[in-house]
Structures are given as C-alpha cells and as structure tokens.
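One-letter residues, chain by chain:
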Amino acid sequence: MSNIIKLPHRCPNRNCEHHTEASTHRELDEKFGYRNMPNGVRSQSWCRECRKKS
Ligand SMILES: [Zn+2]
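What counts, and at which threshold
- Residues numbered from 1 in each chain as written.
- Predicted model: local features only at pLDDT ≥ 70, side-chain atom pairs only at ≥ 80, totals over all residues.
- Heavy atoms only, no water.
- Helix = DSSP H or I, 4+ residues; strand = E, 2+ residues; numbered from the N terminus.
- Buried < 20%, exposed > 50% of the residue type's maximum accessible area, 1.4 Å probe, protein only.
- Donors = N, O, S within 2.8 Å, 3.2 Å for Na, K, Ca; no water.
- Tetrahedral: all angles 85-135°; square planar, octahedral: opposite > 155°, others 65-115°.

Engineer: Can you walk me through the overall build of the protein in this structure?
Structural biologist: When its secondary structure is counted, the protein shows two helices and four strands. Secondary structure of the protein in N-to-C order comes out as β-β-α-β-β-α. In terms of overall dimensions, the protein has a C-alpha envelope of 30 × 20 × 15 Å along the principal axes. For the protein, with 54 residues in total, the buried portion stands at 28%.

Engineer: Help me understand the coordination of the zinc ion in this model?
Structural biologist: In an ideal octahedron of six donors the angles at the metal are 90 or 180 degrees, and in an ideal tetrahedron of four donors they are 109.5 degrees. Surrounding the zinc ion are the protein donor atoms Cys 11 (SG), Cys 16 (SG), Cys 47 (SG) and Cys 50 (SG), which sit 2.3 to 2.4 Å from the metal. Given four donor atoms and angles of 103 to 116 degrees at the metal, the environment of the zinc ion is assigned as tetrahedral. All donors to the zinc ion come from one chain, and their sequence spacing reads C-x4-C-x30-C-x2-C. Grouping residues by exposure puts Cys 47 and Cys 50 together as buried.

So, to be careful, I would describe these as geometric facts and stop short of saying anything about function.
Below you can see the structure in the form of structure tokens.
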C-alpha cells in the first residue's frame, strides 16, 4: 500500500455531530470511504455524514 492511513482515524470536523471514529480499515471504508486516485488510494478525512452536508 502506498498510502499509510493512521488508525484510529477520527473525523476532523469540529462540527461533526457523529464523532465518527474508525479503528479498522473496514470501518474507515464504511464510515469515511476511500477515494481512488491515479497514484493510489487515499482515505477521506471527513466522515460521510459531514461530506454529505457541505
Ligand atoms: Zn464527521
């Protein structure tokens, strides 16, 4: 894997109502989602709920 994702990962949005946290890559995929980039896979920093709002 070219991208190292630090776990646990917590939603950095201060206004996050969900306090979303992922302690496994599976949770990261479910709650945050991955983004496929040409040069590899990047994790989304904000949780899905926060990204939905903005
Ligand atoms: Zn959030």
